[in-house]
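What follows is each chain in one-letter form.
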Amino acid sequence: MEPEETRDTGHAQPEESRSVLEQQQEERNLRRLQLMMNMVMSVIAQDTTLTYEAASEMIADSRRAALAMFPDKELAYDLIYQPRLQRLMRDRFRLQ
């Protein structure tokens, strides 16, 4: 198999190492996503001055950021994070 050039460096690398690099990047993005979502949920839960509108905007921004990191994973976001955020908003702002 012939080496392929990477987009970032222009150096030739075997396809196997490229997939390892892609996997490492995906793992970094996943850690960033988890950290970001933990921070958003912490702020919503703990900031007593936060308004409902500001919290909703934070959630919308976090969704856009998550889908920018993982473009084809909208269903996963909706299944994993949306229920957590809805429950948090309901508890925090006493919604029914």
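What counts and what doesn't
Residues numbered from 1 in each chain as written. Predicted model: local features only at pLDDT ≥ 70, side-chain atom pairs only at ≥ 80, totals over all residues. Heavy atoms only, no water. Core = buried A, V, L, I, M, F, W, Y, C linked by side-chain atoms within 4.5 Å. Buried < 20%, exposed > 50% of the residue type's maximum accessible area, 1.4 Å probe, protein only. Helix = DSSP H or I, 4+ residues; strand = E, 2+ residues; numbered from the N terminus. Contact = heavy atoms within 4.5 Å. Axes fitted to C-alpha atoms, helices over the stretch in contact; angles between N-to-C directions. Parallel < 35°, antiparallel > 145°, perpendicular 65-115°, else oblique. Left-handed = near helix turned anticlockwise from the far one by under 90°. Nonpolar A, V, L, I, M, F, W, Y, C, P; charged D, E, K, R; others polar. Phe/Tyr/Trp six-rings, centres within 6.5 Å; stacked < 30°, edge-to-face > 60°. Lys NZ or Arg CZ within 6 Å of the ring centre and 35° of its normal.

Undergrad: Sorry, what's going on with the nonpolar core here?
TA: Among soluble globular proteins, nonpolar side chains are generally buried collectively. Ranked by size, the top nonpolar core spans 16 residues in total, and within it Met37, Ile44, Tyr77, Tyr81 and Leu85 carry the most contacts. Sorting the residues of this core by element identifies helix H1 (15–46), helix H2 (52–69) and helix H3 (74–92) as the ones contributing at least two each. Look past the residues within four positions of Met37 in its chain and what remains in contact with it is Ser62, Tyr77, Tyr81 and Leu85.

Undergrad: Just to check I follow, could you spell out the packing of H2 against H3 for this structure?
TA: Helices that pack against each other are described as a pair by the angle of their axes relative to one another and the distance between those axes. Where H2 contacts H3, the axes come no closer than 11 Å and their chain directions differ by 165 degrees. Relative to H3, the element H2 lies roughly antiparallel. For the pair H2 and H3, the crossing hand works out as right-handed. Contacts between H2 and H3 involve Tyr52, Ala55, Ser56, Ile59, Ser62, Arg63, Ala66 and Leu67 on the former and, on the latter, Glu74, Tyr77, Asp78, Leu85 and Met89. Among the residues making up the contact of H2 with H3, the classes are represented as 8 nonpolar, 2 polar and 3 charged.

Undergrad: So what exactly am I meant to see when it comes to the packing of aromatic side chains here?
TA: The geometry of an aromatic ring pair is captured by the separation of the ring centres together with the interplanar angle, meaning the angle of the planes. Using the criterion set out here, one finds 2 aromatic pairs in the structure. Aromatic pair Tyr52 and Phe93: ring centres 5.5 Å apart, planes at 85 degrees, arrangement edge-to-face. One end of the pair, Tyr52, is in helix H2; the other, Phe93, is in the segment after H3, and 41 residues separate them in sequence. Centre to centre, the rings of Tyr77 and Tyr81 are 5.7 Å apart; their planes meet at 40 degrees, and the pair counts as tilted. Separated by 4 residues within a single helix, Tyr77 and Tyr81 lie in helix H3, roughly one turn from each other. With respect to class, Tyr77 is no different from Tyr81; both count as buried. Above the face of the Phe93 ring, Arg92 is positioned so that its terminal group lies 4.6 Å from the ring centre.

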